[in-house]
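Here's the letter readout for the chains.
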Amino acid sequence: MNDQPSSRPPLPAVDRVLAADAARVAEERFGRTATVASVRARLEEARAAWRAGAAADISADRLAQVALAALEASETPSQRRVLNLTGTVLHTNLGRALLAEEAIAAVTMAMRSPTALEFDVATGRRGERDDHVRGLLRELTGAEDAVAVNNNAAAVLLTLNALAEGREAVVSRGELIEIGGAFRMPAIMARAGCVLREVGTTNRTHLADYEDAIVPATGLLMKVHPSNYRIEGFTKEVTARELAPLARARGLPLMDDLGSGVLVDLAAYGLQPERTVRQAVADGADVVTFSGDKLLGGPQAGLAVGRADLIRRLAKNPLKRALRLDKLRLAALEATLKLYRDPDRLAERLPTLMLLTRPAARLKEQAARLKPAFEAAVGPDVAVEVAELHSQIGSGALPLASIPSAGLTLAPLGARRSGSALLELAAAFRALAAPVIGRIADERLIFDLRGMDDAAALEAGLAELARARAEAAA
Ligand SMILES: *Cc1c(COP(=O)(O)O)cnc(C)c1O
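Every value quoted in this text rests on a predicted model; they were computed, and no experiment measured them.

The rules behind each value
Residues numbered from 1 in each chain as written. Predicted model: local features only at pLDDT ≥ 70, side-chain atom pairs only at ≥ 80, totals over all residues. Heavy atoms only, no water. Helix = DSSP H or I, 4+ residues; strand = E, 2+ residues; numbered from the N terminus. Buried < 20%, exposed > 50% of the residue type's maximum accessible area, 1.4 Å probe, protein only. Contact = heavy atoms within 4.5 Å. Lys, Arg positive; Asp, Glu negative; His and termini not counted. Charge placed at Lys NZ, Arg CZ, Asp CG, Glu CD. UniProt positions renumbered as here; feature names shortened; annotations may be inferred. Axes fitted to C-alpha atoms, helices over the stretch in contact; angles between N-to-C directions. Parallel < 35°, antiparallel > 145°, perpendicular 65-115°, else oblique. Left-handed = near helix turned anticlockwise from the far one by under 90°. Nonpolar A, V, L, I, M, F, W, Y, C, P; charged D, E, K, R; others polar. Pairing = 2+ DSSP bridges. Core = buried A, V, L, I, M, F, W, Y, C linked by side-chain atoms within 4.5 Å.

A. Representation of the overall build of the protein chain. Tallying secondary structure elements over the protein chain gives 19 helices and 15 strands in all. With respect to the three principal axes, the spread of C-alpha positions in the protein chain is 90 × 55 × 50 Å. The buried share of the protein chain, taken over its 474 residues, is 47%. If you take every contact in the protein chain between residues at least 6 apart in sequence, the share linking residues at least 24 apart comes to 74%. Between the centroid of the 60 positive side chains of the protein chain and the centroid of its 59 negative side chains there is a distance of 3 Å.

Right, here's the structure in full:
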């Protein structure tokens, strides 16, 4: 057929395809322009396939159906909802914290209506956008003042630039961290216009190291939470509390980058305790920076709280304008922070805390209940087991703390016992309408239930897989 390249494929005309039922459905749903474009694209594909000698159904009905399917596929949001069964609750690649209903309602309102974003309703005068969270942050951290920016990387950049541009920032070698996604403390310092002054060694830094490093060009002393690793063994760290008197005596600001914004005593919720922002402020840090969407459980944001005169300098810095929050995230942040006024009900209302505090025994029961549905989904060639697991908080929060958890492990059997079978299995779960994301370890596909926020969606996905298997077998 295709040894005559000049011959024309017997394709229907565009108008004939557009007259087919599926094309009319497509036009109704996606509009004339998109439908015509999709039909033309399908005709082009069919022409190429015909030239390559591939036999295919090129009837007008078939081409219209394919055009409709392509339009439907392109409608699926690129940023799709997924089920996080990875075992990492605050997964940066999966969007970190889920917002509380109160925050969702506040964002919805702010999307629909004009808001008092920079407007003081009482006086009719201009207000400041950070006023919506400033009072709350002062109340919850004990700090004198606060600013909110795009994320914690931005809060660190802004603090360094506002307080130490053209000067030296003194940091322990053991705290020159890389958070991932190209957030390296030395690079941020360079962008902020500061000169990095490393002190101590990787494992040991003493107060005298900081003292000796202070020169007329010193701009600030900095502490950084080593969020995603820990140095163990022969170590010595100077705490912010020990460093504060030195900073005060030399008239230098002490900055403490906490990373995860913990506003409550996590031990009260059965989790491993972590230094709170309030403690960092009480320890004498002049500016404390932290994220909004790590343990705080709010939208992506960076918060800097601390001494009023220093926070004013941050607020007046031109970078603040470039890094500021929009009204949606400010609305979500305000609503999230308000939940902290009632710590007794926080674990019910703040999804991050709710997920982290679910008892492992309950997750194990849930795993046992789901086991038959998983078995039906994957068939007899895959062993499904209920397993006790260990979840991580994620996003650099409490790197070594693992939370007892439970879930299911899937292991292909017999002839299917190969690495590729495991990858195919993981891909099948990712191909679901609500993709289920697990992790592969020890030759098993592991689904940890700790991060699972919607059991009905998971069950629907399992049923979808079981149906597909039944159809393939028939
Ligand atoms: C996570 C983290 C950051 C970066 O925060 P983002 O909100 O992701 O920008 C900075 N410093 C520390 C110590 C962190 O843990």
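Now, onward.
B. Local environment of the UniProt feature "modified residue: N6-(pyridoxal phosphate)lysine" (unreviewed entry) in the protein chain. The UniProt record annotates "modified residue: N6-(pyridoxal phosphate)lysine" (unreviewed entry) at Lys-294. Within the element layout of this structure, Lys-294 appears in the loop between strand 9 (287–291) and strand 10 (302–306). The buried category is assigned to Lys-294, whose relative accessible area is 5%. Discounting chain neighbours no more than four positions away, the residues touching Lys-294 are Leu-90, Arg-96, Ala-97, Gly-259, Ser-260, Thr-352 and Ser-395.

C. Just the packing of helix 2 (residues 21–30) against helix 4 (residues 60–75), in detail. Put simply, helix 2 and helix 4 touch, their axes get as near as 8 Å, and they point 25° apart. Of the possible angle classes, the one that applies to helix 2 and helix 4 is roughly parallel. Where helix 2 crosses over helix 4, the handedness of that crossing is left-handed. Each of Ala-22, Ala-23, Val-25, Ala-26, Arg-29 and Phe-30 in helix 2 lies in contact with helix 4, whose residues at this interface are Ala-64, Gln-65, Leu-68, Leu-71, Glu-72 and Glu-75. Across the contact of helix 2 with helix 4, the residue classes break down as eight nonpolar, one polar and three charged.

D. Inspection of the environment of Leu-136 at higher detail. Along the chain, Leu-136 falls in helix 6 (residues 131–141). C-alpha separation for the pair Leu-136 and Leu-337, spaced 201 residues apart in sequence, amounts to 6.6 Å. In this structure, Leu-136 is in contact with Glu-334, Leu-337, Lys-338 and Arg-341, ignoring residues within four places of it in sequence.

E. Broad picture of the sheet that holds strand 4 (residues 145–149). In spatial order, the strands read 4-10-9-8-7-5-6; together these seven strands make up an open sheet with mixed pairing. Lying at the two open borders of the sheet, with one neighbouring strand each, are strand 4 and strand 6 (195–199). Here the average twist between neighbouring strands, direction ignored, is 25°. As paired elements, strand 8 (residues 254–259) and strand 9 share four bridges and run parallel to each other.

F. Spatial organisation of the nonpolar core. Of all hydrophobic cores here, the largest spans 43 residues; its most connected members are Val-288, Phe-290, Val-305, Leu-333 and Leu-337. Sorting the residues of this core by element identifies helix 6, strand 4, helix 11 (277–282), strand 9, strand 10, helix 14 (327–339) and helix 16 (351–357) as the ones contributing at least two each. Once residues within four sequence positions are removed from consideration, Leu-333 is found in contact with Val-133, Ala-148, Leu-296, Pro-299, Ala-301, Leu-303 and Leu-325. Ala-154, Leu-157, Val-171 and Val-224 belong to the second-largest nonpolar core, a separate cluster that totals 30 residues.

G. Up close: the packing of helix 3 (residues 32–51) against helix 4. Two elements in contact, helix 3 and helix 4, have axes separated by 9 Å at closest approach and are oriented at 120°. Of the possible angle classes, the one that applies to helix 3 and helix 4 is oblique. In this structure, helix 3 meets helix 4 at a crossing whose hand is right-handed. Packed against helix 3, whose contacting residues are Ala-34, Thr-35, Ser-38, Val-39, Arg-42, Leu-43 and Ala-46, the element helix 4 presents Leu-63, Val-66, Ala-67, Ala-70 and Leu-71 at the interface.

H. Focus on unusual backbone geometry. Located in the positive-phi region is Asp-442, a residue other than glycine, with phi close to 50°. If you trace the backbone, Asp-442 turns up in the loop between strand 14 (439–441) and strand 15 (444–448). Classification of Asp-442 by relative accessible area gives exposed; the value is 64%. One non-glycine residue, Glu-443, lies in the positive phi region at around 60°. Its place among the elements puts Glu-443 in the loop between strand 14 and strand 15.

I. How the structure looks around the pairing of strand 15. Burial runs high along strand 15: four of the five residues are buried. Where strand 14 and strand 15 come together, three bridges link them in antiparallel fashion. Bridge pairing in strand 15 links Arg-439 to Ile-446. Between strand 14 and strand 15, which pair antiparallel in sequence order, lie two residues; one of them, Asp-442, sits at a positive phi of approximately 50°.

J. Layout of the environment of Val-66. Mapped onto the secondary structure, Val-66 falls in helix 4. Residue classification places Val-66 among the partly exposed positions, given a relative accessible area of 27%. Each C-alpha atom of the pair Val-66 and Ala-22 lies 8.6 Å from the other, and the pair is 44 residues apart in sequence.

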